[in-house]
Amino acid sequence: MQPGTPPTVTPFLRTAAAYAWRLLVVGLLVYSLFAVLGRFHEIGVAVFLGLVITALLRPVADVVARGLPRPPAVALTLLGGIALVLGVLALVGEAVAGERTTLVREFREGVGRIEDWLERPPFRLAPDALSGVQSRIGQFLSSHRSTLLSEAMSGAGHLVAVLTTLALGLFSAVFFIHSGDRQWAWFQEQLPRAVRDRVGIGGRAAWRTFTGYTHGIVLVAAVNAVLVGVALWLLGVPLAVPLALLEFLAAFVPLIGSPIALAVAAVVALASQGPLVAGIVVALIVVIGQIEGHLLHPLVMSWAVRLHPLVVAISVIAGSIAAGIVGAVVAVPLVSVVWSVHTALRAARG
């Protein structure tokens, strides 16, 4: 190379540098987005909840609106949904109250059976080991009473935040159901004309995927809950209805939610019915997991969400690391919507 001659850069290095600064910009934008959402995560959760309620109840409101004006139809649909949720919670509360006395007695007997089982081979646990654990737990609770009370007061503050988020989500759902299409049209009008068509294509794809995922996951969760409730009732496990509701809620976290809920059911079965019934419940975890993974998800959700199971697993874990339970619930629909928008825009360019 002669003096004064600019250094030559290979095409590979030039291309890598071009992609590198773009990736840095995208990473900075993503970090900034998550930082903003972290500061105002209650608002993000409320809007997400409002979208979920809209995806579930908007078709019902559209049917009711054929015979009533739109505002009364929306109000009637929301009140009916709230009544349904409160009715289910009342049913669960009644089931817990009705089985409380029996459950306490069975748990005491079950704990004794578990102690006898652990004292026999192959565990050979010392007879006073569990009683020592119980006494240490009691000492810990008595010595940390003030800390526990402060945590309880903090929990009351969290409860207020949860109720506020629910109220904001319901308030958002009212407007989304009533005039969500007009709100989206107004948003598009604020954008430059050059991007309106692409935003419209991406928005339609996103909403189609989100509603499909919401309907599918609710159907999968309902089927899982019915299977678990019937199986636990046939096995004589107490609290079959509350455990079925726990399975319904846990199914909203793909891959890991259902096994965790059924593990709780297995513990209840072990304490109340013994190791044999608990082993059957563990086998039930495997069977329901196979039904969910190989039958329900392919049949119900393949038309709306086309993600590899590895992508689903990574999304759930990443979401839980970033935002706990809320992140685990939101991760898969968020990734599905982003991929759907990318696919729709790529098809439009083609």
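Residues numbered from 1 in each chain as written. Predicted model: local features only at pLDDT ≥ 70, side-chain atom pairs only at ≥ 80, totals over all residues. Heavy atoms only, no water.

## Describing the overall build of the protein chain
Spelled out, the test is: Counting from the N terminus, the helices are DSSP H or I runs at least four residues long and the strands are E runs at least two residues long. Remark: exposure states derive from per-residue accessible area (1.4 Å probe, protein chains only) relative to the maximum for the residue type, with buried under 20%, exposed over 50%, and partly exposed in between. Residues are treated as being in contact if the distance between any of their heavy atoms lies within 4.5 Å. Shrake-Rupley sampling with a 1.4 Å probe provides the accessible areas, and residues are treated as covered by the protein chains on show and by no other component.
Within the protein chain, the regular secondary structure consists of eleven helices and zero strands. Ordering the α and β elements of the protein chain from the N terminus gives α-α-α-α-α-α-α-α-α-α-α. Looking at the protein chain as a whole, 28% of its 350 residues qualify as buried. Within the protein chain, residue pairs in contact and separated by at least 24 positions form 69% of the contacts whose partners lie at least 6 positions apart. For the protein chain, the computed accessible surface area is about 22,400 Å², with 74% contributed by carbon and sulfur atoms.

## Some words on helix α9 (residues 257-273)
Selection rule: Expected helix span is computed as 1.5 Å times (number of residues minus one).
When the terminal C-alpha atoms of α9 are compared, their 24 Å separation across 17 residues agrees well with the 24 Å that a helix rising 1.5 Å per residue should span. Those residues of α9 that sit buried are G257, S258, A261, L262, A265, A266, V268, A269, A271 and S272. Just past α9, the residue G274 takes up positive phi, approximately 105°.

## Digging into the side chain of T77
Inspection of the secondary structure assignment puts T77 in helix α3 (residues 70-98). When sequence neighbours within four positions are dropped, the list of residues in contact with T77 reads L57, V60, A61 and V64.

## With respect to the pattern of salt bridges
Quick reminder of the rule: A side-chain nitrogen of Lys or Arg and a carboxyl oxygen of Asp or Glu constitute a salt bridge if their distance falls within 4 Å.
Here the structure, examined in full by the defined rule, presents three salt bridges. Ionic pairing is found between D62 and R58, a salt bridge with its closest N-O pair at 3.9 Å. In this pair, D62 and R58 both sit in helix α2 (residues 41-64), four residues apart, roughly one turn of the helix. Between D62 and R70 there is a salt bridge whose closest N-O contact spans 2.7 Å.

## What about the side chain of S340?
Worth spelling out the cut-off: A 3.5 Å cut-off defines polar contacts: any pair of N or O atoms within that distance qualifies, except that in protein one atom must be a possible hydrogen donor and the other a possible acceptor, and neighbouring residues in sequence count only when both atoms are side-chain atoms.
Relative to the elements of secondary structure, S340 occurs in helix α11 (residues 309-349). There is a polar contact of 2.7 Å between the side chain of S340 and the side chain of T209. Once you skip the residues sitting within four places of it in the chain, S340 turns out to touch A205, A206 and T209.

## With respect to the packing of aromatic side chains
Applicable threshold: Ring pairs shown here join Phe, Tyr and Trp side chains whose ring centres sit within 6.5 Å, with only the six-membered ring taken for Trp; geometry is labelled stacked below 30 degrees between planes, edge-to-face above 60, and tilted in between.
Inspection of every chain in the model, using the stated rule, returns five aromatic pairs. Seen from their ring centres, F48 and F210 are 5.8 Å apart, and the 80° between their planes marks the pair as edge-to-face. Here F48, found in helix α2, pairs with F210, found in helix α7 (residues 193-235); they are 162 residues apart in sequence, far enough to count as distant. With a centroid separation of 5.9 Å and an interplanar angle of 25°, the aromatic rings of W207 and F210 are classed as stacked. Of this pair, W207 and F210 both sit in helix α7, three residues apart, which is roughly one turn of that helix. Of the residues examined, W207 reaches a relative accessible area of 35% and is grouped as partly exposed. Under the relative-accessibility criterion, F210 is labelled buried at 8%. Ring-pair connections join several aromatic residues into one group, and the members of that group are F48, W207 and F210.

## Quick look at the nonpolar core
Defined as follows: Joining through side-chain atoms within 4.5 Å is the link that ties buried Ala, Val, Leu, Ile, Met, Phe, Trp, Tyr and Cys residues into a set, and such a set is a nonpolar core.
Counting residues in hydrophobic clusters, the biggest one holds 17 residues, and the most contacted among them are L232, V237, L243, A269 and V281. Breaking this core down by element, the ones donating at least two residues are α7, α8 (240-250), α9 and α10 (275-301). Top element by residues in this core is α10. It accounts for six residues. In this structure L243 touches L232, V237, P238, V264, A265 and V268, once residues within four positions along its chain are discounted.

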